[in-house]
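Breakdown of the fold
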Amino acid sequence: MNRFINMLVNHPVTRDDGALNVFLTEPHFEAWRKRTKVSSDEESVSKRLNTAQEMGIPSDLDEKLGVLRDHLPALLASYQKLVVLAERSLSRLQAASADASRIALGLNTISEEMPKCCFRGTGDRGCTLCEGVGRGMGEIGDTWSKVAEENERRVSSRNADKFIDH
């Protein structure tokens, strides 16, 4: 949504739109709307083009618009499919991040408990082999933690860039 709003406020036409500016900045928009008369007339109906603007309109505009109308349903369907795929990809990334966190937790638990369980150890210390294996498991767990953090960072970055509201 932030990306969409940034696009609106940085667009050369919409950034100067008074109604949009009020909508985005007025803390009590409904109260402002009740006390302020806003014209809902479409600006393009009353606006007159100068000669240079009229000459800039292609002579085959109706044909081009017809082609666009013919192709628009297929384009929209493809776009909707892409949105669904992106959302599914994001869900898989979130699940992978959660799985990586669980793997890291399991490995770290093993690394802490393994040396204590060794029958060859003495007192509170396990054998050097179990301690080494435990350290190795801990290092693998730390790597899985980094994988989980990276996936979570990617999920957060994708959510921040998401601008599609359904």
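Residues numbered from 1 in each chain as written. Predicted model: local features only at pLDDT ≥ 70, side-chain atom pairs only at ≥ 80, totals over all residues. Heavy atoms only, no water.

1. A look at the overall build of the protein chain
Secondary structure summary: the protein chain contains seven helices and zero strands in total. Secondary structure of the protein chain in N-to-C order comes out as α-α-α-α-α-α-α. Burial analysis of the protein chain (166 residues in total) assigns 15% to the buried set. The long-range fraction of contacts in the protein chain, counting pairs at least 24 apart against all pairs at least 6 apart in sequence, stands at 60%. Total accessible area on the protein chain stands at roughly 13,300 Å², and carbon and sulfur atoms take up 57% of it. (Helix = DSSP H or I, 4+ residues; strand = E, 2+ residues; numbered from the N terminus. Buried < 20%, exposed > 50% of the residue type's maximum accessible area, 1.4 Å probe, protein only. Contact = heavy atoms within 4.5 Å. Areas by Shrake-Rupley, 256 points an atom, 1.4 Å probe, with all protein chains shown as cover.)

2. Some points on a nonpolar patch on the surface
Judged by side-chain polarity, Leu-49, Ile-57, Leu-61, Leu-65, Leu-68, Leu-72, Leu-75 and Leu-76 come together as a nonpolar surface patch covering roughly 650 Å² of accessible area. On the secondary structure map, Leu-72 appears in helix H6 (residues 61-117). (Patch = residues over 30% accessible without salt bridge, like charges linked within 9 Å, V, L, I, M, F, W, Y side chains within 5 Å. Salt bridge = Lys/Arg side-chain N within 4 Å of Asp/Glu carboxyl O.)

3. Notes on the environment of Asp-99
Position of Asp-99 among the secondary structure elements: in helix H6. On the basis of relative accessible area, Asp-99 is assigned to the partly exposed category, the value being 40%. For the pair Asp-99 and Val-147, spaced 48 residues apart in the sequence, the C-alpha separation amounts to 10.0 Å. Separated by 2.7 Å, the side chains of Asp-99 and Arg-102 make a polar contact. (Polar contact = N/O pair within 3.5 Å; in protein donor to acceptor, adjacent residues only side chain to side chain.)

4. Notes on the side chain of Ser-111
By the secondary structure assignment, Ser-111 is in helix H6. For Ser-111, the residues in contact, after removing those within four places along its chain, are Gly-134, Met-137 and Gly-138.

5. Section: the pattern of salt bridges
Scanning the entire structure with this criterion turns up three salt bridges. Taking the shortest distance from any N to any O, the salt bridge between Asp-99 and Arg-102 comes out at 2.7 Å. One end of the pair, Asp-99, and the other, Arg-102, are both in helix H6, three residues apart, so they sit about a helical turn from each other. In this structure, the salt-bridge partner of Arg-153 is Glu-150, at a minimum N-O distance of 2.4 Å. Separated by three residues within a single helix, Arg-153 and Glu-150 lie in helix H7 (residues 128-161), roughly one turn from each other.

6. A few points about the confidence of the model for the protein chain
Summarising the model, the protein chain shows a mean pLDDT of 81, and 86% of its residues fall at 70 or more. Helix H4 (residues 43-46) is the least confidently modelled element of the protein chain, averaging 66 in pLDDT, while H6 averages 90, the highest of any element. (pLDDT = per-residue confidence, 0-100.)

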